[in-house]
Amino acid sequence: MTVLHSAPRWSSNEGVKDALAASLGAMLVKADEEHGEILLTVARDSVADALRLLRDEHEYQQLMDIAGVDYPSRAERFDVCYCLLSVTRNHRVIVKVSTDEATPVPTVTTLWPNAGWYEREVYDMFGVLFAGNSDLRRILTDYGFQGHPFRKDFPLTGYVELRYSEEDKRVVYEPVQLAQDLRQFDFMSPWEGADYVLPGDEKAATPPPAPAPVATKPDTKGDAKADVPKTTDSKADTGAGEKANAEAAKPVSDSTATGGTVAGQGQGEPVPVKTDADAPDAPEPTEARPAKKPRAKKTADTDGATEPADKPKRTRAKKTDGEGA
């Protein structure tokens, strides 16, 4: 189904700024075209008349939004921006007025009822006052909130915090208690030549520079000695104790353990050790087992297997007709 609409799919800004500027006349302060949009700055006291003219004579029927902008360095630090839409022309325009913290801006709730919500939001976030708004209350922050968030003129951590108390069965306010002060970081790497002291480093004392190393004569603890094998000339040199020394002092038998050599034997041949105790008798030799008798061969239970190979085979005589009748 094709839906036809009188508004164009795309509308140009060509000639729009000049036409609107000529229509507003003395109410207009400045007209600009930036980022593809028409911006009209009008006098603060004439904002309601200027918006009525744009709505009735130039077909900007809808108020889409009211936004606030803060320029703290200016005398009139706030801008109030009205975003208008023409449904029939498919075109948008922005109207701006400037003000400060104490000077109110005329309300436009008489032109668009939805402006009441937008003006309450700008008042809540920036503190801009609107003269003629009968319900100028906070809309986003709490009822007892002090200050205006978008002004950035209060500590970022706040003054008080609220929580629900189980004892009082209501929401209570308490002073904010932080374990550490708010720290600002600019995300600049100190290894890339930062010319400032990192947060927290100002508390640390700069350590003195380390002294330069000085060459000293090595401590040799006396003259160097040649490598001499260590011997145990006395009992104290062994370090084994009196019991081990007593065992080592016992006389050794004439022959030592295997591996020694005596006259008449070759190098590395075992030498019998002589002891007073009798050696145990050698075990008796194991008797030889008698040879087993050969097992008898088994024969097959068939006639062919028991008959010799050269025996002729028997043939059966064929029966003739009439035999055995």
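Here the structure is shown first, and the text comes after it.
These lines cover the structure that appears in this document, whether it is placed above or below. Bear in mind that the values here come from a model prediction, so they are computed numbers and not experimental data. (Residues numbered from 1 in each chain as written. Predicted model: local features only at pLDDT ≥ 70, side-chain atom pairs only at ≥ 80, totals over all residues. Heavy atoms only, no water.)

1. A look at the packing of aromatic side chains
Phase 1 of the analysis: All chains considered together, the criterion is met by two aromatic pairs.
Phase 2 of the analysis: Plain terms: the ring middles of F78 and F126 are 6.2 Å apart, the flat faces sit at 75° to each other, and that makes the pair edge-to-face. Placement of the pair is F78 in strand β4 (residues 78-86) and F126 in helix α3 (residues 115-126), with a sequence separation of 48 residues. Pair check on accessibility: F78 and F126 agree, each one buried.
Phase 3 of the analysis: Residues F126 and F150 carry aromatic rings whose centres are separated by 5.2 Å and whose planes lie at 70° to one another, so their mutual orientation is edge-to-face. (Phe/Tyr/Trp six-rings, centres within 6.5 Å; stacked < 30°, edge-to-face > 60°. Helix = DSSP H or I, 4+ residues; strand = E, 2+ residues; numbered from the N terminus. Buried < 20%, exposed > 50% of the residue type's maximum accessible area, 1.4 Å probe, protein only.)

2. Brief notes about the nonpolar core
Phase 1 of the analysis: Residues L51, Y82 and L84 are the most contacted members of the largest nonpolar core, which totals 33 residues.
Phase 2 of the analysis: At the level of elements, α1 (16-24), β2 (37-42), α2 (47-57), β3 (62-70), β4, β5 (91-99) and α3 are the ones that each hand at least two residues to this core.
Phase 3 of the analysis: Residue contributions to this core peak at five residues, all from α2.
Phase 4 of the analysis: Setting aside its immediate chain neighbours within four residues, L51 contacts Y82, L84, V95, V108, L111 and W112. (Core = buried A, V, L, I, M, F, W, Y, C linked by side-chain atoms within 4.5 Å. Contact = heavy atoms within 4.5 Å.)

3. Let's talk about the packing of α1 against α2
Phase 1 of the analysis: Closest axis-to-axis distance for the α1/α2 pair is 10 Å, and the angle between their directions is 125°. The orientation of α1 relative to α2 falls into the category oblique. Regarding α1 and α2, the two cross each other, and that crossing is right-handed. Residues L20, S23 and L24 of α1 lie in contact with α2, whose contacting residues are A50, L53, L54 and E57.
Phase 2 of the analysis: Residues belonging to the contact of α1 with α2 are distributed by class as follows: five nonpolar, one polar and one charged. (Axes fitted to C-alpha atoms, helices over the stretch in contact; angles between N-to-C directions. Parallel < 35°, antiparallel > 145°, perpendicular 65-115°, else oblique. Left-handed = near helix turned anticlockwise from the far one by under 90°. Nonpolar A, V, L, I, M, F, W, Y, C, P; charged D, E, K, R; others polar.)

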